Structures are given as C-alpha cells and as structure tokens.
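# Architecture at a glance
Listed below are the residues making up each chain.
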Amino acid sequence: MDENLYELLKDQPFWQWLPREGGRYFDACFNMDAETVPAGEHRQTKGRVGYLISGRAHLKSGDGLDRAGEGTFFGVVQPGRPETRKMVGTDLWAVTECKVLWLDGAVLSSVCYAACWFHARLIREVDGYFEGLKR
C-alpha cells in the first residue's frame, strides 16, 4: 500500500486502529489496490472485498440494489467458511465518482504464514463489521 493510500485510510473511522507500519505491510498481505470508478460505471467484485473510501454507489444485493456511501464494505466475505459465507453487494454501480480499496477476499478467511497482528486484527474488524449488519 503506498503512503498516499495509508494517508487516506487513517482518517476513515473503520481504520482508526491501523498504525502507520501496518499500512506498509497490507499491500503484500492483502493485495490491496485502490481504484477510482467514474460516475455511472460498474464493477464486479470477482471474489474481492471492496471498501468504499469515498463517493456514493449502489450495490447489488440479492434481487435489489442497496445504497452505499463512504466506509461501506462489500463483496464476498469469509469465502473459506461456507457455513458463514456472506455476500454483501457483489456488483458496484458508481452514482458519483468512487474511490474503492480492493482486497483479496480469500485472505480474510485466515491469517498468513507471517501471522502479523495487523492481518489478524483486520480479519476481526471486518468480521465485526458484517456481524453488526445482521443486527
């Protein structure tokens, strides 16, 4: 993750726990990539998890569309655990220009060989985010 992306994330409420050194390791660990999606364009998650850094979008959820704004996670969650798998918005349609952080969805199901605390913490935080949506 480049320094500019870390600077964007550190001001997001979800990422307040992330220290600067954690941002340096996340790119290698999660294959993070930021993309700007112009208004009116569509993106499929393709097994990735997305985090909407800025902008407004619609997310395909079941048979309908849900509105999403800054701070929204979407995509396939916990792909390694079928009994708890969740799909929250498998497609994104940008209503306004959107900045999206993409993460490899598979790495949210287990900690890598390096077992850095940043990875374990992100898994717990994302799990907690989606648990909160069930309530």
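Attention in this report is confined to the structure presented alongside it. On a predicted model such as this, the values are computed, not experimentally measured, just so you know.

### Topic: the sheet that holds strand β8 (residues 91–94)
One key point about sheets: their strands pair by backbone hydrogen bonds, in either a parallel or an antiparallel sense. An order of β2-β8-β4-β5 is seen for the 4 strands of this open sheet, with the pairing classed as antiparallel. Edge positions in the open sheet fall to β2 (42–44) and β5 (64–68), since each of these has one partner strand only. Averaged over all adjacent pairs, the angle separating strand axes in this sheet is 25°, with direction ignored. As paired elements, strand β4 (residues 57–61) and β8 share 3 bridges and run antiparallel to each other. Across the sheet, residue alanine 57 finds its bridge partner in β8, namely alanine 94.

### Here's the deal with the pairing of β4
The pairing of β4 with β5 spans 5 bridges and is antiparallel. Directly across from alanine 57, in β5, lies its bridge partner alanine 68.

### As for the nonpolar core
Core analysis: the largest hydrophobic core is formed by 20 residues, its most contacted members being Phe14, Trp15, Tyr51, Phe73, Leu101 and Leu122. Listed by contribution, the elements that provide at least two residues to this core are α1 (3–10), β3 (48–54), β9 (98–104) and α3 (117–134). Filtering out sequence-adjacent residues up to four positions away, phenylalanine 14 remains in contact with Tyr51, Phe73, Leu122, Glu125, Val126 and Tyr129. Formed by 11 residues, the second largest nonpolar core is a distinct cluster that contains Leu52, Leu59, Ala68 and Trp102.

### Quick word on the pairing of β3
Most of β3 sits out of view: 5 of its 7 residues are buried. Pairing of β3 with β9 involves 6 bridges; the strand directions are antiparallel. Bridging from a neighbouring strand, serine 54 pairs with lysine 99 of β9.

### Observations concerning the packing of aromatic side chains
The tally for this structure, following the rule as stated, stands at 10 aromatic pairs. Look at tyrosine 51 and phenylalanine 73: their rings are 4.8 Å apart centre to centre, the planes differ by 55°, and that puts the pair in the tilted class. Placement of tyrosine 51 in strand β3 and of phenylalanine 73 in strand β6 (residues 73–77) is noted, with a sequence separation of 22 residues between them. In this structure an aromatic cluster arises from ring pairing among Phe14, Trp15, Trp17, Tyr51, Phe73 and Tyr129.

Cut-off values and rules
Residues take numbers from 1 onward in each chain, read along the sequence in its written order. Since the coordinates come from a predicted model, pLDDT governs what is reported: local features require at least 70, and pairs of side-chain atoms require 80 or more to be given and counted, while whole-chain, interface and lining totals use all residues. Side-chain descriptors were evaluated using all non-hydrogen atoms of the structure, hydrogens and water having been removed beforehand. In this analysis, strands are considered paired if DSSP registers two or more bridges between them. We count a stretch as a helix when DSSP gives it H or I for four or more residues in a row; a strand needs E for two or more, and each element gets its number in order from the N terminus. Fitted lines through C-alpha atoms give the axes, limited to the stretch in contact for helices. The angle between two N-to-C directions lies from 0 to 180 degrees. The definition of a nonpolar core used throughout is a set of buried Ala, Val, Leu, Ile, Met, Phe, Trp, Tyr and Cys residues joined through side-chain atoms within 4.5 Å. Burial classification: accessible surface area is computed with a 1.4 Å probe over protein chains only, and a residue below 20% of its type maximum counts as buried, one above 50% as exposed, and the rest as partly exposed. Any two residues having at least one pair of non-hydrogen atoms within 4.5 Å are treated as being in contact. Note on ring pairs: Phe, Tyr and Trp rings are taken, using the six-membered ring of Trp, and paired if centres are within 6.5 Å. Classes follow the plane angle, with under 30 degrees stacked, over 60 edge-to-face and the rest tilted.

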